[in-house]
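# What the coordinates show
Take a look at the letters that make up each chain.
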Amino acid sequence: MASLFNILSIGASSAAAQRSASSTASHNLGNANTPGYARQRTSLEAALPALSAGRMLLGQGARAANTTQVRNRFLEAQSAATLSAQARSGAQADALESLSALDPSAPGSPGTALGAFFSSLRGLAQRASDPGYRQSAVASAQDLAASFNRTAASIESARGGLDANLAGRALEANDLSANVARLNMEIRTARANGSEPNDLMDARTVARDALAALTGAQPVPDGAGNISMVLPGGAALVTGDRSARLDTLPDPLNRGHTIVRLDGTAGSPPVALAAAQLGGSMRGDLDARDGALKTALDQVDQLAFDLGNALNAVHRSGVGADGSTGSDLFTIAATAAGAASTIQVSAAVAANPQSLAASTVAAGLPGGGDNAQRLIDVESASLSNGRNASATLGALVSGYGSETRSARATSDADTLLAQNVQSLREAASGVSIDDELIDLTRSQRAYEAALKVITTADEMMDSLLRLRG
Amino acid sequence: MRVTDQMIFERAATSAGSARARAQKASQEVSSGMRVQHPWDAPAAAGQLVRSQLNQARMTTIASTASQAMDELDAADTALDGVQNAVIRARELAMQLASGTYNAQDRANAAQEVDGLFKQSVALLNSDVGGRFIFGGRADGAPPFDPVGAYSGDSGIRQVETAPGVTTQASVQADVAVKGVGGGVDVLQTLASLRTALQVNDVPGIQASLTGLSTGVTQLSTARTQAGNGSSLLQLASNVARIAVLQEQTQASHLGDADILDATSRLAMAQRVLEATLTASATTFKGTLLDHLR
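Residues numbered from 1 in each chain as written. Chains lettered and ligands numbered in written order. Predicted model: local features only at pLDDT ≥ 70, side-chain atom pairs only at ≥ 80, totals over all residues.

## Remarks on the overall build of chain A
Assigned secondary structure in chain A consists of 12 helices and 13 strands. On C-alpha atoms alone, chain A measures out to a radius of gyration of 37 Å, which is more than a quarter above the 23 Å that the 2.2 N^0.38 rule sets for 469 residues. Each of the three principal axes of chain A carries a C-alpha extent, and together these read 145 × 45 × 30 Å. Residues classed as buried in chain A amount to 47% of the 469 residues present. (Helix = DSSP H or I, 4+ residues; strand = E, 2+ residues; numbered from the N terminus. Rg over C-alpha atoms; globule rule 2.2 N^0.38 Å. Buried ≥ 20, exposed ≤ 12 C-beta atoms within 10 Å, placed from the backbone.)

## Remarks on the overall build of chain B
For chain B, the helix and strand inventory stands at eight helices and four strands. Written out in order from the N terminus, the α and β elements of chain B read α-α-α-β-β-β-β-α-α-α-α-α. The C-alpha atoms of chain B give a radius of gyration of 38 Å, which is well past the 19 Å a tight globule of 294 residues would have. The principal-axis extent of the C-alpha atoms belonging to chain B is close to 135 × 30 × 25 Å. Counting over 294 residues, chain B shows a buried share of 42%.

## As for the sheet that holds strand β11 (residues 271-273) of chain A
Whether parallel or antiparallel, the strands of a sheet pair through hydrogen bonds between backbone atoms. All names here are of chain A. The strand order across the open sheet formed by three strands is β9-β10-β11, and the pairing between neighbours is antiparallel. Only two strands of the sheet have a single partner each, and these edge strands are β9 (245-250) and β11. For this sheet the average axis-to-axis angle between neighbouring strands, irrespective of direction, equals 40 degrees. With six bridges connecting them, β9 and strand β10 (residues 258-263) associate as antiparallel partners. Bridge pairing in β10 links P250 to T258. Its contacts with the sheet place helix α4 (residues 131-192) against β9 and β10, and it is angled at close to 160 degrees to β9. (Pairing = 2+ DSSP bridges. Axes fitted to C-alpha atoms, helices over the stretch in contact; angles between N-to-C directions. Contact = placed C-beta atoms within 7 Å.)

## Describing the pairing of strand β3 (residues 159-163) of chain B
The pairing of β3 of chain B with strand β4 (residues 166-169) of chain B spans four bridges and is antiparallel. Opposite Q159 of chain B, over in β4 of chain B, you have Q169 of chain B as the bridge partner.

## A look at the interface of chain B and chain A
In this complex, chain B contributes 51 residues to the contact, which on the side of chain A involves 54 residues. Mapped onto the side of chain B that touches chain A, the elements with two or more residues apiece are α1 (5-32), α2 (43-97), β3 and α8 (289-293) of chain B. For the side of chain B that touches chain A, a count of residues per class yields 22 nonpolar, 20 polar and nine charged. (Nonpolar A, V, L, I, M, F, W, Y, C, P; charged D, E, K, R; others polar.)

## Examining the nonpolar core
One finds L121, I155, V180, L211, A296, V300 and A304 of chain A to be the most contacted residues of the largest nonpolar core, which totals 109 residues. By residue number, the principal contributor to this core is α4 of chain A, which donates 19 residues. Summarising the domain contributions, this core has at least three residues from each of domain 2 (87-158 + 294-417) and domain 3 (166-290) of chain A. Look past the residues within four positions of A304 of chain A in its chain and what remains in contact with it is F148, A339, A340 and I343 of chain A. Of all hydrophobic cores here, the second largest spans 52 residues; its members include I62, I134, L191 and L220 of chain B. (Core = buried A, V, L, I, M, F, W, Y, C linked by C-beta atoms within 7 Å. Domains from an automatic or database assignment.)

## A few points about the environment of T60 of chain B
Here T60 of chain B shows up in helix α2. Assessed through the 19 C-beta atoms surrounding it within 10 Å, T60 of chain B is described here as partly exposed.

## Quick look at the environment of S317 of chain A
By the secondary structure assignment, S317 of chain A is in the loop between α7 (292-316) and β12 (330-331). Taking the C-alpha atoms as reference, S317 of chain A lies 116 Å from F5 of chain A; in sequence the two are 312 residues apart.

## Some words on the domain arrangement of chain B
Domain annotation of chain B identifies domain 1 (5-33 + 258-293) and domain 2 (68-241). A separation of 79 Å is found between the C-alpha centroids of domain 1 of chain B and domain 2 of chain B.

## Regarding the domain arrangement of chain A
Residue and element names in this part refer to chain A. With domains assigned, chain A is organised as domain 1 (4-70 + 432-468), domain 2 (87-158 + 294-417) and domain 3 (166-290). Centre-to-centre, using C-alpha coordinates, domain 2 lies 45 Å away from domain 3. Each partner contributes residues to the interface: domain 2 has nine residues there, and domain 3 has 13 residues. When residues in the side of domain 2 that touches domain 3 are grouped by element, the largest group, eight residues, is from helix α2 (residues 73-97). In terms of residue class, the side of domain 2 that touches domain 3 is built from four nonpolar, three polar and two charged.

## Thoughts on the sheet that holds strand β6 (residues 227-230) of chain A
Residues and elements named next belong to chain A. Strand order in the open sheet formed by four strands is β5-β6-β7-β8, with antiparallel pairing between adjacent strands. What marks the edges here is a single partner per strand, and that holds for β5 (218-221) and β8 (242-243). Sheet topology places β6 next to strand β7 (residues 236-239); two bridges connect them, and they run antiparallel. The residue of β7 that forms the bridge with M229 is V238.

## Thoughts on helix α10 (residues 370-377) of chain A
Buried residues dominate α10 of chain A, accounting for seven of its eight residues. When we look at burial in α10 of chain A, the residues that qualify are D370, N371, A372, Q373, R374, L375 and I376 of chain A. Looking at the buried positions of α10 of chain A, the neighbouring elements they touch are α3 (110-126) and α7 of chain A together with β3 and β4 of chain B.

## As for unusual backbone geometry
Residues and elements named next belong to chain A. Phi at R255 takes a positive value of approximately 55 degrees, unusual for a residue other than glycine. Tracing the backbone through its elements, the reader meets R255 in the loop between β9 and β10. Exposure remark for R255: the 15 C-beta atoms within 10 Å place this residue in the partly exposed category.

## Concerning the packing of α7 of chain A against helix α11 (residues 389-429) of chain A
When two helices pack together, you describe them by how their axes are tilted relative to each other and by the distance separating the axes. All names here are of chain A. Closest axis-to-axis distance for the α7/α11 pair is 10 Å, and the angle between their directions is 175 degrees. Between α7 and α11, the crossing angle belongs to the class labelled roughly antiparallel. Where α7 abuts α11, its residues A292, A296, Q299, V300, L303 and L307 lie against A389, T392, L393, L396, Y400, E403 and T404. Grouping the constituent residues of the contact of α7 with α11 by class yields nine nonpolar, three polar and one charged. (Parallel < 35°, antiparallel > 145°, perpendicular 65-115°, else oblique.)

Written as structure tokens, this is what we have:
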């Protein structure tokens, strides 16, 4: 037979269970805006064992069984992959859109300078004996060289900015890797102590997603409760409670741009990672730096190299107003690599515009402009790629535009996909203030009821004591 | 689908951001008047714009240089016309004074007139346009004829680009037209001979100059015809180049300029969408249990 004390005990345990449920709802409300937080639920169950009263079994009230997170494992698995893809294409598109040197209407662009240079040569061809036209032609040649220098410098500056990005991201990734490894250990420890470390798992999910977005590393759970973070190339950034480190150093084979290295978890020497072995925003940076930006730079270099050499060949065969011959118009690198950044009007022509070879023969001085006309013909001549300078420049601008547009389209699609997955994940695991207020109210009512049980039992006991008295 | 508060705020931020981005893009188009500001706005059009700008620069310069060359040929034609008139007048005087009805004084007076014609011709043949001596060939930096009619120019022929890669002759070869290189007569020398013959009352000499003067008139006439033809050709080339510039400008405008009506309409639409998004978001924010439990 149930004693009054038993009823008091039922009231007390039920009130405690409802307090736990209230506490969980409050915790959820408190974390309604916490990134990566998954709402928690406290499960209540009838307290066992039931009390035997003769042939009856009387219940013992309620108790809080456990507090678990509400997570959709499928969406959790999708999240890291979609965040990585979004970060990669977003970083690439942002980097490519940061370059304005190839804008069709940019002042001082190679297109504008090229047009002005050949225009000044046309003037010179008609007025070769006029020092003003000669000076103007040399000045426009200097503008053309400066335009190539500026364009190459702008592209290289954008690539250099991505190097700085990579270095910063590598440091950030190292912190996150160490964080995931530490949380792996803390989660294992908590579980060994019999508790469910929900908030630690949330923190690890946040670190995991951020690491995936930075490096493309994907989580691989093991049976012990750890997650390993594995890069697209198969190298592990995190294994259990050990984390590897990423660092960057200049690559002499790529104009000194940084290369990413992995200092592994197994004590092996650092290994260089190719772009394909990375993902996330680091891969996006590398894709932009060594993809469209490098292609554009190579094409600008090749154009400067081809054009400069073609003009030099004609210039060498002409005669300057001062009688000089066999001299170059431009000083150019020996190979196309770096030609745009170093091309200059030759020192002799820059110092003395009279040495600009506008005539084909000495007898044609001073008014002969036939060699200037031959220099003009270079404008329409095919360069090493089979196109003339104008078409080459147009193709360069179009090609860069297409790459950038494609990267942005991919980024938009990846962003939509990631937002969709995050939205579904939020729908499953996110905190709804309405839901939590209802739960809180429900727990509050049940708690009040449990207290009423205690009050009632107390009154019953009081009545009983008064009978005896 | 379960909707959390964070989803509502996220959606509001995303929708408002996207509406703002569209409004910003349309606003930029309206304010700049340009549809293609970056290569990625329209990659193919951006490449064509670069080529079109280069073509515009090329055709503008071709039009300008052809026009300048035409001015010089016109100036040469005017000068040759003056020289031709001088030679015709000299021939009239020669024909007149070759007759026995005139005495030595008459011929001495005529010699003075021929001397004036000679000097006038030399001055005309030393014409310059913008400092360029148009009868000097490539030696165009100094007057090509000295006071006695000696020629210091050369046989260089000036070529002017009339279309990309196409050139045409745009100068008068004074050595041929005036000095008679290649089978003609030296016009100035013929005038000088007449002057001398008149001064010394040399009637046979005066008669002998008549053939040379007639040949000179024909020679100058031929040169003027060539100059006229060249001028017409350059006029045509200049006009064609200017039309090409206009066509390039039109094409560039089609490629790169914003359709202001369309952009304004898109701007208005984007602003309307933004207002609707903000209103919808504000309404959604209010509908929570929290408001009713207070």
